[in-house]
Amino acid sequence: MVSFDFNTYTNKFIYEQDKAKYLAQKTTIINALNTSDMAGWTKLISADTLDHITKVVQKVKENSTCLVVIGIGGSFLGSLAVNDMLKPYFKDQSFEIIYAGTTLSSKYMTELLNYLKDIDFSVNVVSKSGTTRETTITYNLIKKLLVEKYSPTELKNHIIITTDSTKGPLREEATAYQYESFNIPDDIGGRYSFLTPAHLFPLAFNYDILKFVKGYEQGKKHLDMAYEYAVTRQILYHQNKVVENFCVYEPNMSYFTEWLKQLFAETEGKDNKGILPISTIHTRDLHSLGQFIQEGHKIMFETFLKITKSNYLKYQQNDLHNINNIVLDSVIKAHYSGNVPCLIINIEELNEETIGELIYFFHLSAAFSGYLFGVNPFTQPGVEVYKNEVRKNLE
Ligand code: PA5
């Protein structure tokens, strides 16, 4: 279960007349989303696709001990973030998933290839366009190793392509070589693609993906809160609070904050507008960025992700989780006293369902926020500028 408090620690910054102005736009914005041709993520994934995912996972588990997922941005962050939040901190015995394709470090690549040469592994290359350089370079290097290790027939069981349903070089390759493949639907962009095979396939190796779907569906009940979150952020932005700090108290949520950064930065950061998303992991960063937040330039508001349920590790007369949350509550009070508005999202515990619920809530609020900013929430022309420049300079 997920719940919200956007009022208690924003109270002195938010006026009813400001809220009313944005609430008057709500129906228009919901209509804009409902009629968008990039809102495929508001629907659920089909049972056939879920079935296909399960079958391919089974096949890979029979021939490999490791899956290398190659992708960047919206093509990897969702599954990595969720994987990190759900796996144990130590002695992780789950099926090994390696994420590659986010660096062109040749040291990293050399060590990865060295590691892979001695094990049976499969590759899932994830790219909607099929042309992202980091992804194609990594894929080509790893495919070379696969070709050395396996016969052409075996290779078909070691390469899984997730890409556009009809176009792009990866779709052409999947068709030409009869590789196993999944579609990223036309009406779903990278950062909104959590409920597609781009993320659910790697996650299905270790988690019950039906529970993500269930949670995602439950997220739909938070439409009003998603709009309220977007409105609160908008009001704060117009008070020059142009930075949002996502604060987490579980180190394993670090990559989830990276997912949030991508979602909001690519959705809003256009036409010289947008809120810059940053993140802090507490309590570590209270001893570094904490100084700036408390007493520095007042350009920031914060969104705290609070896990409410304890695992009851006793510490003296208290329990450690409770202490962590007492620190969280104290930090909110301290920062608010320093004129930093604080919003709170309560998550009962991190599991497949609450994560699905949370992801749908954030998808929805990011889309609403894009519309409130007057930008198209589903494009990322700024990212394309660098991609094109790299393309020109590498050819
Ligand atoms: O959200 C997005 O659309 C982007 O972050 C893309 O996911 C990212 O640039 C990777 O693109 P592609 O999937 O085409 O390789």
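Student: Mind showing me how you'd approach the site of the ligand here?
Tutor: Near the ligand there are 14 residues, and of these S75, S127, S129, T132 and Q262 occur at the shortest range. At 3.0 Å, a backbone N or O of G74 approaches an oxygen atom of the ligand. Interatomic distance of 2.6 Å between a side-chain N/O atom of T132 and an oxygen atom of the ligand. Starting from 380 Å² of accessible surface for the ligand in isolation, the protein chains cover 92%. Assessed atom by atom at 2 Å from the grid points, the ligand resides in the largest pocket. Taken together, domain 1 (2-35 + 215-380) and domain 2 (40-207) each give at least three residues to the shell around the ligand, which thus spans both.

Student: Just checking my understanding: could you explain the nonpolar core for this structure?
Tutor: Across soluble globular proteins, nonpolar side chains have a tendency to be buried as a group. Ranked by internal contacts, the top residues of the largest apolar core, which has 99 residues, are W41, F201, F212, F256, I345 and F362. Each of two domains, domain 1 (2-35 + 215-380) and domain 2 (40-207), supplies a minimum of three residues to this core. When neighbours within four sequence positions are excluded, F212 is seen to be in contact with V82, L86, F194, L195, L200, L203, Y207, E352, I355 and G356.

Student: What am I meant to see in the packing of helix 5 (residues 106-117) against helix 6 (residues 133-149) here?
Tutor: A pair of packed helices can be characterised by two numbers: the angle between their axes and the separation between those axes. Remark: helix 5 packs on helix 6, axes separated minimally by 11 Å, with the N-to-C direction vectors making an angle of 25°. Relative to helix 6, the element helix 5 lies roughly parallel. Our pair here, helix 5 against helix 6, has a crossing hand that is right-handed. Between helix 5 and helix 6, the residues in contact are M109, L112, L113, L116 and K117 and T138, L141, I142, L145 and K149, respectively. Class assignment for the residues of the contact of helix 5 with helix 6 results in seven nonpolar, one polar and two charged.

Student: Quick question: what am I supposed to make of the domain arrangement of the protein here?
Tutor: Much of the literature gives interface size as the accessible area that the parts lose upon coming together. When its domains are assigned, the protein resolves into domain 1 (2-35 + 215-380) and domain 2 (40-207). The interface is formed by 31 residues belonging to domain 1 together with 20 residues belonging to domain 2. Both sides of the domain 1 and domain 2 interface together cover about 2300 Å² of buried area, and 67% of this is carbon and sulfur. Three residues stand out in domain 1 for area buried against domain 2, namely Y216, N252 and Y255, and they jointly supply 27% of the buried area on that side. The interface formed by domain 1 and domain 2 includes one salt bridge. A salt bridge links E266 to R191, with the shortest nitrogen-to-oxygen separation between them at 3.1 Å. Our enumeration of links across domain 1 and domain 2 arrives at 13 residue pairs in polar contact (both at pLDDT 80 or more). Of all the elements in the fold, those that place two or more residues in the side of domain 1 that touches domain 2 are helix 10 (209-218), helix 12 (254-268) and helix 15 (352-373). A breakdown of the residues in the side of domain 1 that touches domain 2 according to their chemical character gives 17 nonpolar, seven polar and seven charged.

Rules used in this analysis
Residues numbered from 1 in each chain as written. Predicted model: local features only at pLDDT ≥ 70, side-chain atom pairs only at ≥ 80, totals over all residues. Heavy atoms only, no water. Near = heavy atom within 4 Å. Polar contact = N/O pair within 3.5 Å; in protein donor to acceptor, adjacent residues only side chain to side chain. Areas by Shrake-Rupley, 256 points an atom, 1.4 Å probe, with all protein chains shown as cover. 1 Å grid on protein atoms, 1.4 Å probe; cavity = no way out; pocket = protein on both sides within 12 Å on 5 of 7 lines; lining within 4 Å. Sits in = over half its atoms within 2 Å of the grid points. Domains from an automatic or database assignment. Core = buried A, V, L, I, M, F, W, Y, C linked by side-chain atoms within 4.5 Å. Buried < 20%, exposed > 50% of the residue type's maximum accessible area, 1.4 Å probe, protein only. Contact = heavy atoms within 4.5 Å. Axes fitted to C-alpha atoms, helices over the stretch in contact; angles between N-to-C directions. Helix = DSSP H or I, 4+ residues; strand = E, 2+ residues; numbered from the N terminus. Parallel < 35°, antiparallel > 145°, perpendicular 65-115°, else oblique. Left-handed = near helix turned anticlockwise from the far one by under 90°. Nonpolar A, V, L, I, M, F, W, Y, C, P; charged D, E, K, R; others polar. Buried area = accessible area lost by both parts, 1.4 Å probe. Salt bridge = Lys/Arg side-chain N within 4 Å of Asp/Glu carboxyl O.

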